[in-house]
Amino acid sequence: MSFLTIAETPTERLQALVDVGLAVKAAPNEYRTALDGRSVGLFFQKQSLRTWVSCDIATAELGAHPIVISNDQTGLGSREAPADVGRVLGRYLDALGMRVFDHANLTEIDDSTQIPLVNLLSDLEHPCQAVADMMTVAEHMPLSEATITYVGDGNNVCHSLMLAAVKLGSSIRVVAPSGYEPDAEVTQMARSIGEVTVTSDLAEGVAGTNVIYTDVWTSMGQEAEAKLRRRQFVDYQITPDLLEYADEDAIFMHCLPAHRGEEVSDEMMEHPRSMVFDQAENRLHSFKAVLLDELG
């Protein structure tokens, strides 16, 4: 079964991914040969650091063979139709992870191949990131008691985080300038499941929260909007002073890469309650959980 969106993932499966990710992190040697003899393709249309390295290492540490596929050689949608790419790779691989711009390419490939497909990031969602995020929260508090505040652009990371939070029993607040709110359909879906607040009021959004989470103001593909976005988001920077409005044990999270001095201050990145690099590490363990779910 493919893993393309949190929206399409049943709550029981999502909870299992978080639980298995934490189990693998606690005892990695127990899973060293779980996927011996398997091959996993890792396709990248967009730049990557954490996803590329964590997925490659996760695959190898489970005993499977990772093969990184660059879009420079593939030409997805230009040199070759997505469906044809999927049909070919399905003959070679046991599973395929893809980091793409257009989510429609993922659905076309998923329809064309019999192997499980994993969304490593698309313009719609970033589901593997959300599994790592919820693992990180779970390491500090029961998910059913957590209030998570996402500050910034209502983007793909925000979409997956919203849906994962409410499916796992947390409440979610999204704080964004007017015009940069998350997709209305995603918000409606999340509200049908659990407690969701969308506001432009930063003080309201962070008051008493357990988690403050942010992302870059300008994502890949939006570079032409960078100057405008910096003006629109200038009042939404996360700082130690802002953290004082949250719960006394609140943690700070960022999916990275961080633009220090824009969405987050340097002091907040290095703050004792910053869990940013624990969160980044959890990308490794969460992808192991995804692969074990797909192939184990």
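Further up the page is the structure itself.
The following refers to the structure shown. Since the model is a prediction, treat every value here as computed from it, not as a measurement.

**Some points on the packing of helix α6 (residues 127-138) against helix α13 (residues 276-295)**
Where α6 meets α13, the axes come as close as 8 Å, and the angle between the chain directions of the two elements is 115 degrees. The handedness of the crossing between α6 and α13 is right-handed. Judged by residue contacts, Cys128, Gln129, Val131, Ala132, Asp133, Met135 and Thr136 of α6 engage Asp278, Gln279, Asn282, Arg283, His285, Ser286, Phe287 and Val290 from α13. Considered class by class, the residues forming the contact of α6 with α13 number six nonpolar, six polar and three charged.

**A look at the pairing of strand β4 (residues 117-121)**
The buried fraction of β4 amounts to five of the five residues, a majority that puts the element mostly inside the structure. By the bridge criterion, four bridges tie strand β3 (residues 95-99) to β4 in an arrangement that is parallel. Of the residues in β4, the one forming a bridge with Arg99 is Leu121. One crossover worth recording links β3 to the parallel β4 by way of helix α5 (residues 103-112), and it is right-handed.

**Comments concerning the environment of Leu202**
Along the chain, Leu202 turns up in helix α9 (residues 202-206). Overall, the relative accessible area of 15% leaves Leu202 in the buried class. Ignoring any residue separated from it by four or fewer positions in sequence, one finds Leu202 in contact with Val151, Val175, Asp235, Tyr236 and Leu242.

**Observations concerning a nonpolar patch on the surface**
On the surface, a cluster of nonpolar side chains totalling about 350 Å² of accessible area is made up of Leu49, Trp52, Val53 and Ile57. The topology assignment puts Ile57 in helix α2 (residues 50-61).

**Structural notes on the state of the cysteines**
Counted under the stated rule, the structure contains zero disulfides. Cysteine Cys55 shares no disulfide, and the gap to the nearest cysteine sulfur, in Cys128, comes to 6.1 Å. Look at Cys128 and you get buried, because its relative accessible area is 2%.

**Section: the side chain of Thr199**
Structurally, Thr199 can be placed in strand β7 (residues 196-199). With sequence-adjacent residues up to four places away left out, Thr199 is seen in contact with Val174, Val175, Ala176, Glu204 and Gly205.

**As for the side chain of Ser265**
On the secondary structure map, Ser265 appears in the loop between β9 (251-254) and α12 (266-269). For Ser265, a relative accessible area of 7% gives the class buried. The residues contacting Ser265, other than those within four sequence positions of it, are Gln237, Ile238, Thr239 and Pro240.

**Let's talk about the sheet that holds strand β6 (residues 171-175)**
Overall, parallel pairing links the five strands, which are arranged β7-β6-β5-β8-β9 in an open sheet. Only two strands of the sheet have a single partner each, and these edge strands are β7 and β9. Neighbour-to-neighbour, the strand axes of the sheet open up by a mean angle of 20 degrees, direction not taken into account. Direction of pairing for strand β5 (residues 147-151) relative to strand β8 (residues 211-214): parallel, over a ladder of four bridges. In the strand pairing of β8, Tyr150 is matched with Tyr213. Its contacts with the sheet place α13 against β8 and β9, and it is angled at close to 50 degrees to β9.

Conventions used here
- Residues numbered from 1 in each chain as written.
- Predicted model: local features only at pLDDT ≥ 70, side-chain atom pairs only at ≥ 80, totals over all residues.
- Heavy atoms only, no water.
- Axes fitted to C-alpha atoms, helices over the stretch in contact; angles between N-to-C directions.
- Helix = DSSP H or I, 4+ residues; strand = E, 2+ residues; numbered from the N terminus.
- Left-handed = near helix turned anticlockwise from the far one by under 90°.
- Contact = heavy atoms within 4.5 Å.
- Nonpolar A, V, L, I, M, F, W, Y, C, P; charged D, E, K, R; others polar.
- Buried < 20%, exposed > 50% of the residue type's maximum accessible area, 1.4 Å probe, protein only.
- Pairing = 2+ DSSP bridges.
- Right-handed = clockwise from strand over helix to strand, strands pointing away.
- Patch = residues over 30% accessible without salt bridge, like charges linked within 9 Å, V, L, I, M, F, W, Y side chains within 5 Å.
- Areas by Shrake-Rupley, 256 points an atom, 1.4 Å probe, with all protein chains shown as cover.
- Salt bridge = Lys/Arg side-chain N within 4 Å of Asp/Glu carboxyl O.
- Disulfide = S-S within 2.5 Å.

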